Amino acid sequence: IAAIRTAIEIGITHIDTAAWYAEGHCEEIVGDAIKNYDRTEIILTTKVPPMELHYKDIICSAKKSLKRLGTDYIDIYVIHNPNPYIDIRESMEAFDYLLDKKLIKYIGLSNFNVKQFDEAQYSTDNPIVCNHLHYNLKHRGPLSDGSIEYAQKNDVLIVAWRPTQKGFFGLNDIEILNKLSEKYEKTPIQLAINWLI
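Keep in mind it's a predicted model, so treat the numbers as computed, not measured.

Each value, and the rule that gives it
Residues numbered from 1 in each chain as written. Predicted model: local features only at pLDDT ≥ 70, side-chain atom pairs only at ≥ 80, totals over all residues. Heavy atoms only, no water. Core = buried A, V, L, I, M, F, W, Y, C linked by side-chain atoms within 4.5 Å. Buried < 20%, exposed > 50% of the residue type's maximum accessible area, 1.4 Å probe, protein only. Helix = DSSP H or I, 4+ residues; strand = E, 2+ residues; numbered from the N terminus. Salt bridge = Lys/Arg side-chain N within 4 Å of Asp/Glu carboxyl O. Expected span 1.5 Å × (residues − 1). Polar contact = N/O pair within 3.5 Å; in protein donor to acceptor, adjacent residues only side chain to side chain. Contact = heavy atoms within 4.5 Å. Patch = residues over 30% accessible without salt bridge, like charges linked within 9 Å, V, L, I, M, F, W, Y side chains within 5 Å. Areas by Shrake-Rupley, 256 points an atom, 1.4 Å probe, with all protein chains shown as cover. Pairing = 2+ DSSP bridges. Axes fitted to C-alpha atoms, helices over the stretch in contact; angles between N-to-C directions.

Right, let's get into the nonpolar core. In summary, soluble globular proteins display a tendency toward joint burial of nonpolar side chains. With 34 residues, the main nonpolar core has Tyr 77, Ile 79, Met 92 and Phe 95 as its most contacted residues. For this core, the secondary-structure elements that each account for two or more residues are α2 (25-34), β2 (43-48), α3 (55-69), β3 (74-79), α4 (88-100), β4 (104-110), α5 (114-122) and α7 (147-153). Looking at which element gives the most residues to this core, the answer is α4, with 6 residues.

Next comes the structure, spelled out in structure tokens:
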């Protein structure tokens, strides 16, 4: 809670969590951390687990997340991972319902490839605003599989998960990062984040 509050105090406005993280406990922690702040100043993202993508399950999961977060709306509600066993049209119908009821402001996806993203977008009249992808200096799959290009062409934000590869860039002796760190007087972690930006 102290770490989240410190982040808010220094200007972090986007907080990302998920129902899947610690079985919802992370959402409770975020809820406690943000309760004394102006809710309109925080962009709150949470995610529905891939096994809960049937219509009723999504609505139920969203309401549970809202309760744990202690808020009456989620800024960006995200499908945590695609589920090939549940029709994306059914899932998007539930997201449209949540938007209509003002329980969420925007729809997001996570770990969707271009074809899956297209299919999801085709299944809703509402814009899907972001795709959370494993993307960083070391893991560049979204660059080579067309996901970054697709996002840029379709005005979709990429949210890079594991942006510093769990501290890998700061914990390992990487010659090119060492040279750039010296040249720009930045840490390897700062370089990795700036590269993403």
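Here we take up the pattern of salt bridges. Oppositely charged side chains may form a pair once their charged atoms are brought near each other. Counted by the stated rule, this structure contains 7 salt bridges. The salt bridge partner of Glu 27 is Arg 68, with a shortest N-O separation of 2.6 Å. Residue Glu 27 is found in helix α2, and its partner Arg 68 is found in helix α3; the two are separated by 41 residues along the sequence. Residue classification places Glu 27 among the buried positions, given a relative accessible area of 0%. Judged by its relative accessible area of 23%, Arg 68 falls in the partly exposed class.

Before going further, it helps to spend a moment on α4. For α4, with 13 residues, the first-to-last C-alpha span of 18 Å sits near the 18 Å given by 1.5 Å per residue. A positive backbone phi angle near 60° is found at Lys 102, which sits one or two residues after α4.

Looking now at the side chain of Asn 136. Relative to the elements of secondary structure, Asn 136 occurs in the loop between β5 (128-134) and α6 (141-144). Looking at Asn 136, its side chain comes within polar contact range of the main-chain nitrogen of Lys 138, at 2.8 Å. A polar atom in the side chain of Asn 136 sits 2.7 Å from the backbone oxygen of Arg 162. If we ignore the near neighbours within four places in the chain, the residues touching Asn 136 are Arg 162, Pro 163, Gln 165, Phe 169, Trp 195 and Leu 196.

Another aspect to go through is a nonpolar patch on the surface. A cluster of nonpolar side chains, contributed by Trp 20, Tyr 21 and Met 51, occupies part of the molecular surface with about 300 Å² of accessible area. You can see Trp 20 is positioned in the loop between β1 (14-16) and α2.

Here 6 strands make up an open sheet; going across it, the order is β1-β2-β3-β4-β5-β6 and the pairing parallel. In this open sheet, the two edge strands, each paired with only one partner strand, are β1 and β6 (157-161). Put simply, the sheet's adjacent strands are angled 25° from each other on average, direction ignored. Pairing between β1 and β2: 3 bridges, direction parallel. Across the sheet, the residue bridging to Asp 16 is Thr 45, located in β2.

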